[in-house]
Structures are given as structure tokens and as C-alpha cells.
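Read off the chains here:
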Amino acid sequence: MIIYHGSKTIIDKPIVGGSDPKNDYGAAFYLSLDLDAAKSWACKHDSLGVVNKYLIRNETFQSLKILDLTNKDKYSVLNWMAILMHFRELSDSFIKTNKLVLDWLEKYYIDVTQYDVVIGYRADDSYFRFPIRFISNDLAFEDLENIFLLGHLGVQYAFISSRAINALKFIEAIDCEPSYLGHYRSLVVDASKVFDEVLSTPRDPSKTYILDLMRKDNE
């Protein structure tokens, strides 16, 4: 299996816990199966980066303990939301205003540190307003699910354990073409258009909001 990591620099020896612990799934080495997505990520700050290309044997990958949050038969967007809220840095005012919702969401939390790899949706800083507005009861569950499951924001592979990271074999660094400058921003703009259209549409009583989910739990 070939997998990529977009970066400013060449990373021939990834390290465990080398990223910001406040990332989507905590401190992990984040990768993508999509070369275009990795190039966009490498150039997200409007400077040309590189894509680090790795090989991991299929049998080795399959032997790892994997949490695949994109598997709708097993997991809900609520599981992803609970993990995201656990790791991301939230303002004191947001926590205070939404404490009941955040406490309720905790029951969907899955301890990712018990896994070697987490496969899940991306919600970096540019996209964080989507889940925030869902928690605030402004964005319907169906719309949040549509935004993420249809791939507007992309899927990432978080390699968490030393077993997973050490199984990666560095192949080469791929230079990004100038055409990728601004590409990441265009992805954000496209996703934001969907977001803005949803928020500008009158509430649909047939849709479900997070407070509806909480009330249903208490019935």
C-alpha cells in the first residue's frame, strides 16, 4: 500500500507523537492515500512543500489494530465528533455554553490510543466551524454527515503507535507543482460554500439537530 504525507520538509524517519497533540486524533503521523490531497496539504500555506511517499505492506497494515471511523455500519459521525471535541482546544466560553451537549457527546468517545491507526475525516482549523456549529445546534446532523461523508473535506490516516509508524518504509520525496499553490484554499472555499448554503436555508423540521438527539435519548 502506498501512502503519502504532505509537509514542508522531507521526513524519511517519522517519529511517534511528532505532531501537535491538539490535532484531530491527537499526536499522530497523519497521511493520505490520495496524492493530490497530500500535495494540497503540503502547499496549504501558499509555499511549495513536498510529499513524502511511503510503502506499508498490505499484510502488515491488515495486522494492525485499526479504527475506521468512515465505516458507517460500525460508527457514526457522533463518534468522530466526540473524539474531535476530546482533542481539540476549545474556548472556555464555548465549553461553558455547551457543557450539557459536550457531556452527552462523551458517551460516543472512543479511546484512539488503544489503536495503531485511525482512519477518519479531516477537520483542520479551516473546517472546524462545521462541528462547532453542529454542537451549537445550528447545523443538522444530516448536513454534517453529508459534508463529511461525501468527501468535501477528505479522509486522513492517523498512524498513532510505534508499531504502525515503524512499518512505514520511506520511498521518496515528491516535489509539488506550482499549480498546487492555492489548491488547498480552493478546497476550503468549496466546502465553505456548502456550509454557507446550508446555514442560509431555513431550518427543515424533518432534519435532526443535536438537541433532538439528546431529547430522544431521554424519552
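Residues numbered from 1 in each chain as written. Predicted model: local features only at pLDDT ≥ 70, side-chain atom pairs only at ≥ 80, totals over all residues. Heavy atoms only, no water.

Moving on, we get to the pattern of salt bridges. Under the defined criterion, the tally for this structure stands at 12 salt bridges. With a closest N to O distance of 3.0 Å, Arg 88 and Asp 24 form a salt bridge. You can see Arg 88 sitting in the loop between helix H3 (77–87) and helix H4 (92–97) and its partner Asp 24 sitting in the loop between strand S1 (2–7) and strand S2 (29–31), a full 64 residues away along the chain. Here the two residues Arg 88 and Asp 24 agree in accessibility, since each one is buried. (Salt bridge = Lys/Arg side-chain N within 4 Å of Asp/Glu carboxyl O. Helix = DSSP H or I, 4+ residues; strand = E, 2+ residues; numbered from the N terminus. Buried < 20%, exposed > 50% of the residue type's maximum accessible area, 1.4 Å probe, protein only.)

Using a relative accessible area of 5% as the deciding quantity, one classes Asp 24 as buried. Side chain to side chain, Asp 24 and Arg 88 meet in a polar contact 3.0 Å long. Within polar-contact distance, the side chain of Asp 24 engages the side chain of Gln 156 at 2.8 Å. (Polar contact = N/O pair within 3.5 Å; in protein donor to acceptor, adjacent residues only side chain to side chain.)

Below, the discussion takes up helix H10 (residues 210–218). All buried positions along H10 are accounted for by Ile 210, Leu 213 and Met 214. Projected down its long axis, H10 shows its buried positions confined to an angular sector of 100 degrees, all on one face. Pointing more than 90 degrees away from the buried face of H10 are the exposed residues Arg 215 and Lys 216. (Arc of directions from axis to C-beta.)

Moving on: the sheet that holds strand S7 (residues 169–175). Strand-to-strand pairing in sheets goes through backbone hydrogen bonds, with the strands running parallel or antiparallel. On the basis of which strands lie adjacent, the open sheet formed by three strands has the order S1-S3-S7 and antiparallel pairing. The open sheet has two edge strands with one neighbour each: S1 and S7. If you compare each strand with its neighbour and ignore which way they point, the axes differ by 25 degrees on average. In this structure, S1 lies alongside strand S3 (residues 50–55), joined through six bridges in antiparallel fashion. In the strand pairing of S3, Ser 7 is matched with Val 50. In the packing of helix H1 (residues 35–42) onto the sheet, contacts are made with S1, S3 and S7, and the angle to S1 comes to roughly 15 degrees. (Pairing = 2+ DSSP bridges. Axes fitted to C-alpha atoms, helices over the stretch in contact; angles between N-to-C directions. Contact = heavy atoms within 4.5 Å.)

Another point: unusual backbone geometry. Although it is not a glycine, Asp 46 sits at a positive phi angle of roughly 60 degrees. Secondary-structure assignment places Asp 46 in the loop between H1 and S3. The class of Asp 46 is partly exposed, set by a relative accessible area of 41%. Residues other than glycine seldom take positive phi values, yet Asn 137 does so here, at roughly 70 degrees. On the secondary structure map, Asn 137 appears in the loop between helix H6 (129–135) and helix H7 (141–149). Since its relative accessible area comes to 14%, Asn 137 is described here as buried.

A few words on the packing of aromatic side chains. Tallying each qualifying case throughout the model produces eight aromatic pairs. On the numbers, 5.8 Å between centres and 65 degrees between planes, the contact of Tyr 54 with Phe 170 is edge-to-face. Separated by 116 residues along the polypeptide, Tyr 54 in strand S3 and Phe 170 in strand S7 bring together distant segments of the chain. Ring geometry for Trp 80 against Tyr 121: centres 6.0 Å apart, planes inclined by 80 degrees, an arrangement best described as edge-to-face. Of this pair, Trp 80 sits in helix H3 while Tyr 121 sits in strand S5 (residues 117–121), and the two are 41 residues apart along the sequence. Across the pair, exposure class does not vary: Trp 80 and Tyr 121 are buried alike. In this structure an aromatic cluster arises from ring pairing among Phe 29, Tyr 54 and Phe 170. (Phe/Tyr/Trp six-rings, centres within 6.5 Å; stacked < 30°, edge-to-face > 60°.)

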